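If you want the building blocks of each chain, they are given just below.
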Amino acid sequence: MKDRLVSRDYCFILLANFLLYFGFFLLMPVLPFYLVEVFGITEGKIGFILSCYTVAALVVRPFSGYLLDTLQRKPLYLVSFLIFTMIFGGYIVTGSLLVFIMLRIVHGLSFGTVTVAGNTIVIDITPSSRRGEALGYYGLANNIAMALGPMIGLFLHDFYSFTTIFWCALICCSLGFCAAVAVRTPKKQLMQKNIHLSLDRFILVKGLPLGADLLLLSIPYGINTTYVAMYAKSIGIASGTGLFFTFMAAGLAISRLFSGKQVDKGRITQVIMLGMYIATAAFFGLFACEFLMGHFPVFAKAFFYAMALVLGIGFGSMFPAFNTMFVNMAEHNQRGTATSTYLTSWDIGIGLGLIVGGLIGEVASFSYAYLAGTALCIVSMLFFRFYNIRDFERKRVR
């Protein structure tokens, strides 16, 4: 009973997490079109505008980690969740690019806090022997949202207004907030008032090399998530691009069936290495799709969706393993800080991916963005294999 994974509170936080990310991913592939169609923004500027969201989340991550380790976690979780939800209402009434950018910044600040809080609460309410599995299924909720959100968002974009899309996101996140309210969290002992402040209270310093590895992987992931619909359109796949996210999420779900359990068995680094091999092959395959469309269009379209499935398997294997590595390098009173550092590394890469992908798409083609992503995956894989594995074994706490 002590090691039981499924509980009332775990189910509620899974539901809250799914609905939060569904609202987030509903807008992800639509916002580039929104900026172009409503404000007339060029492709090169899209990345800079959208990245303000990620930059804001990045800025607040270290502080949210510290606050989660210092204060009671649930109130901070609920406040940030509520602000995140309310911003969707702001998108409905905004009429200028400046106001949109301001809303995106506030949205990023709240997102940076609520995601750190959610991940940390999952660690609190699940037994340590099932932590990798718990984080795996928690991440699976994100992945299912990533499958349905972009697909439905692109569908709504084809038939309805942007206002309708914003309303859908607002309603979903409001329901998610209700689920978050229902989660019961253990009362934690607060930090001493006179605790010595240091950089390690805001950032897990000994996890920075691992964070650099994750950052390199998240750059191509950010490129793919934001620009894959535009890339597909540019190579001649004009319809059905929402299915890309469905296949990708299917791959993520498949990987969750085994990766979390393998992590709990101690095969953390092996799972990550396998995921890196798979993700590298997938990005190179997506780069090749432009060439294949010119010679074998029917095969290329099927191959495009196959690479989405492969990419999902690769990243789905790595997500819970990386998260567990960060937590295992931290003391018990640094869980929030460890989770914050993990997500901060991810955010930096996603933000760089938004910028790099937009620039490459404007000056060359999006296929070269995938080629650059392949190269970054190879660098990350080599760094992990020859440095981070040994570094982790030296620094791990548990």
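An unreviewed UniProt entry lists the chain under the name MFS transporter, with Candidatus Cryptobacteroides faecipullorum given as the organism.

S.K.: Help me understand the side chain of H157 in this model?
M.R.: Residue position: H157 is located in helix α6 (residues 131-159). The class of H157 is buried, set by a relative accessible area of 18%.

S.K.: Teacher, can you tell me more about helix α9 (residues 242-264) here?
M.R.: Three- or four-residue spacings in an α-helix give side chains the same orientation, since the helix completes a turn every 3.6 residues. The first and last C-alpha atoms of α9 sit 33 Å apart over 23 residues, in line with the 33 Å expected at 1.5 Å per residue. Of all the bends in α9, the greatest measures close to 40 degrees and is centred on R256. Within the sequence span of α9, burial applies to G242, F244, F245, M248, A249, G251, L252, S255, R256, S259, G260 and V263. Taken from the residues just after α9, G266 is the one with a positive phi, measuring 95 degrees.

S.K.: Explanation requested: the nonpolar core in the structure shown.
M.R.: The nonpolar side chains of soluble globular proteins are, as a tendency, buried together. Ranked by size, the top nonpolar core spans 124 residues in total, and within it Y77, F304, F315 and F322 carry the most contacts. Those residues in contact with Y77 that lie beyond four places of it in its chain are I13, A16, V114, A117, G118, I121 and A180.

S.K.: In this structure, what is going on with the environment of A56? I would like to understand it.
M.R.: Structurally, A56 is set in helix α3 (residues 43-70). According to the relative accessible area criterion, A56 is buried, its value standing at 5%. Here the alpha-carbon distance between A56 and D347, two residues 291 residues apart in the chain, equals 9.5 Å. Non-local contacts of A56, meaning those with residues more than four positions away in its chain, are made with I105, G108 and L109.

S.K.: Sorry, what's going on with the packing of aromatic side chains here?
M.R.: Two descriptors summarise a pair of aromatic rings, namely the distance from one centre to the other and the angle between the planes of the rings. Under the definition given, this model contains 41 aromatic pairs. Seen in terms of ring centroids, Y231 and Y370 are 4.9 Å apart; in terms of plane orientation they differ by 45 degrees. Their pairing is tilted. Remark: Y370 occurs in helix α13 (residues 366-395) and Y231 occurs in helix α8 (residues 208-235); sequence separation between them is 139 residues. Under the relative-accessibility criterion, Y370 is labelled buried at 2%. The ring of F386 carries R385 above its face, with NZ or CZ at 5.2 Å from the centroid.

About the thresholds
Residues numbered from 1 in each chain as written. Predicted model: local features only at pLDDT ≥ 70, side-chain atom pairs only at ≥ 80, totals over all residues. Heavy atoms only, no water. Helix = DSSP H or I, 4+ residues; strand = E, 2+ residues; numbered from the N terminus. Buried < 20%, exposed > 50% of the residue type's maximum accessible area, 1.4 Å probe, protein only. Expected span 1.5 Å × (residues − 1). Bend = angle between axes of the 7 residues up to and from the residue. Core = buried A, V, L, I, M, F, W, Y, C linked by side-chain atoms within 4.5 Å. Contact = heavy atoms within 4.5 Å. Phe/Tyr/Trp six-rings, centres within 6.5 Å; stacked < 30°, edge-to-face > 60°. Lys NZ or Arg CZ within 6 Å of the ring centre and 35° of its normal.

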